[in-house]
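# Coordinate analysis (summary)
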Amino acid sequence: MAESSKTARKTRRRSIEHEPPFMSSSISSLFEEIQCSICLDVFTDPVTTPCGHNFCKICLKRYWDNSQTCSCPNCKETFKQRPDLKINTTLRELVDHCKKKSPEKTTEVLCDFCEERKLKALKSCLVCQSSYCETHLEPHLKVTGLKKHKLMDPVSNLEDYICQKHERPLDLFCRDDQTCVCSICTVTDHKNHNTVAIEEESQEKKTELMKTQKDVQQMILNRNKKIEEIKNSAEVRKGCYTELLEMMEEQQKAAEKQEQELIEELEQEITELKMRNTELEQLSHTEDHLHLLQIHSSLCSSRNTRNWPEISMKTLRKDLTQLKDTIDEKLTLTELKWMQQYAVDVTLDQDTANSYLILSDDGKQVRCGDIRQKLPDKPERFDNYLDVLGKEGFSSGRFYFEVQVKGKTKWDLGVARESIYRRGKITARPSDGYWTVTLRNGDKYEACASPRVSLSLRVKPQRVGVFVDYEEGLVSFYDVESSSHIYSFTTQTFNEKLYPYFSPCNNDGGKNSSPLIITPVSYNQ
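So, here's what we can say about the structure.

Basis of the calculations
- Every chain is numbered on its own, with residues counted from 1 as its sequence reads.
- Residue-level local features of this predicted model are given only where pLDDT is at least 70; pairs of side-chain atoms are given and counted only at 80 or more, and the full residue set underlies all totals for whole chains, interfaces and linings.
- Just so you know, side-chain values use all the structure's heavy atoms and leave hydrogens and water out.
- The way it works is that DSSP assigns letters per residue, a run of H or I at least four long becomes a helix, a run of E at least two long becomes a strand, and they are numbered from the N terminus.
- Buried means the residue's accessible area, taken with a 1.4 Å probe over protein chains only, is under 20% of the maximum for its type, while exposed means over 50%, and partly exposed covers the values in between.
- Here, strands pair whenever DSSP counts at least two bridges between them.
- In this analysis, two residues are considered to be in contact whenever any of their non-hydrogen atoms come within 4.5 Å of each other.
- Here, axes are lines fitted to C-alpha atoms. For helices the fit covers the stretch in contact, and angles between N-to-C directions go from 0 to 180 degrees.
- Grouping buried Ala, Val, Leu, Ile, Met, Phe, Trp, Tyr and Cys residues that are joined through side-chain atoms within 4.5 Å yields what is termed a nonpolar core.
- Disulfide assignment relies on a single distance test, namely cysteine sulfur atoms paired within 2.5 Å.

## Regarding the overall build of the chain
Within the chain, the secondary structure is distributed over 12 helices and 23 strands. A total of 525 residues make up the chain; the buried ones form 44% of that total.

Put into structure tokens, the structure is as follows:
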């Protein structure tokens, strides 16, 4: 193609304000009415001539400066003297309104062969390296020789679709070098390389894009879920802080600021992910194979985003932790209320219960019987210790349940991992998959850590709350009625399901005949 033709094509490109797809059609059509006929762009400081036509002030001034007469560029009406034009404020406000409604710009490709008013191009030809409107495209649809030319959706950067070395269309893809090539390249620089049509490679890349798009959509869902979790926790925290408002005003403001920053950061990531999702959606349907291949790697590559599941409420409750020394009891109540929002419905699993244990019909109570029951010998059943697990296990998130221990002199409570030993001798400690607290002799409380930790409790718990934060590696025990902390296993590592764990222990000569009872959570006031 002649250099002058290439230059002419470039000069014919223009940018117009583009209506986003969610805007009304009335705004879209209005944009066509607020374009200057000189610069073909949206008005800047619009002025109106005496004949009633509108132009950009600077465009009209330049037009008259380069003309021997003072006439209207549209209707050619001549004025005896140059009019003193004022800004059309109404039109300018309309333009500003439309710009606010449609802030994005796009490039419209025009026909290279229209003489006067340039029409929108319908197709671009890679062989001719030109763009054609519907009328000027006809020869390519009728003339035998031109029918063989490669047509594509109109683009303004046709030179990017042509091999700069051989001036042929880039219609093949070299898988060895991961680049687009022309037919001559395959017998020269890329001889004996694995090359395929760009349409074939593009289809494979579309499949990858669709997978990446699904991953991005899941990331959006995860972040929306995390936002809701943060918001819900914030609401609970605000309600709990009412009685502490005067003491905790400064800490509450800091917590709210931190929560808002986290939400804003998550929302920013969601916005970016949605934009990426839109790009992936558009590219998954594009026929512009070269463009797809050129940007495929950047869209499918992993982005440096935060691993949000690692964000825990430990950070969000930093202000509470700092006050523990001075308001420990009230803080524990607040903490307990927060944990109670993660209450789950726990039911005992008969298939795991030792044969001496008697479970209630609703699976909410367990006590030790005097006679061994004839039960199926299942591998999940405890055979030597008076233990039983909950039916449902948890492998993520947080959960909380409460157990009445009133009237008992012995009991074990906590959680256990799915793969614990259930036959023969059992050692209840974290390294063996148990995170428990025990009572012995009516007043001896211990945490089954390594080594065991003796617990000094001010009052004898009547109802014990058990809270687990799987990702945080936390198992905490609380005296529900006194709202006091009993013990916490911290910085644990969980890699399989955790199940609620119970042992009513033996009857102790009738002193310990009361059952362990899984109770509905009654929120502390």
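Structure shown, so let's carry the discussion forward.
## What about unusual backbone geometry?
For the peptide bond that leads from Ser450 to Pro451, omega is 0 degrees, which places it in the cis range. Tracing the sequence through the fold places Pro451 in the loop between strand S17 (444-447) and strand S18 (453-455). A positive phi angle, close to 55 degrees, is found at Gln178, a residue other than glycine. Looking at the element boundaries, Gln178 is found in the loop between strand S8 (172-174) and strand S9 (179-181).

## Here we look at the sheet that holds strand S7 (residues 151-152)
The antiparallel open sheet is built from 3 strands, whose spatial order is S6-S5-S7. Two strands lie at the open edges of the sheet, namely strand S6 (130-132) and S7, each paired on one side alone. Summarising the sheet, strand S5 (residues 123-125) and S7 pair through 2 bridges and their orientation is antiparallel. By the bridge assignment, Ser124 is partnered in S7 with Met152. Lying on the sheet, helix H5 (residues 134-142) is in contact with S5, S6 and S7; it crosses S6 at an angle near 110 degrees.

## Digging into the nonpolar core
Grouped together as the largest cluster of nonpolar side chains are 38 residues, with contacts concentrated most on Trp411 and Phe502. In contact with Phe502, other than residues within four places in its own chain, are Val346, Leu348, Leu386, Asp387, Val388, Gly390, Phe401, Val403, Asp412, Leu413, Leu516 and Ile518.

## Quick word on the state of the cysteines
If you walk through the whole model with that rule in mind, you get 0 disulfides. Take Cys39: it sits in no disulfide, and the sulfur closest to it among the cysteines is that of Cys59, at 3.8 Å. Assessed through its relative accessible area of 34%, Cys39 is described here as partly exposed. Residue Cys163 stays outside any disulfide, its sulfur separated by 3.8 Å from that of Cys182, the closest cysteine.

So yeah, pure geometry; function would need other evidence.
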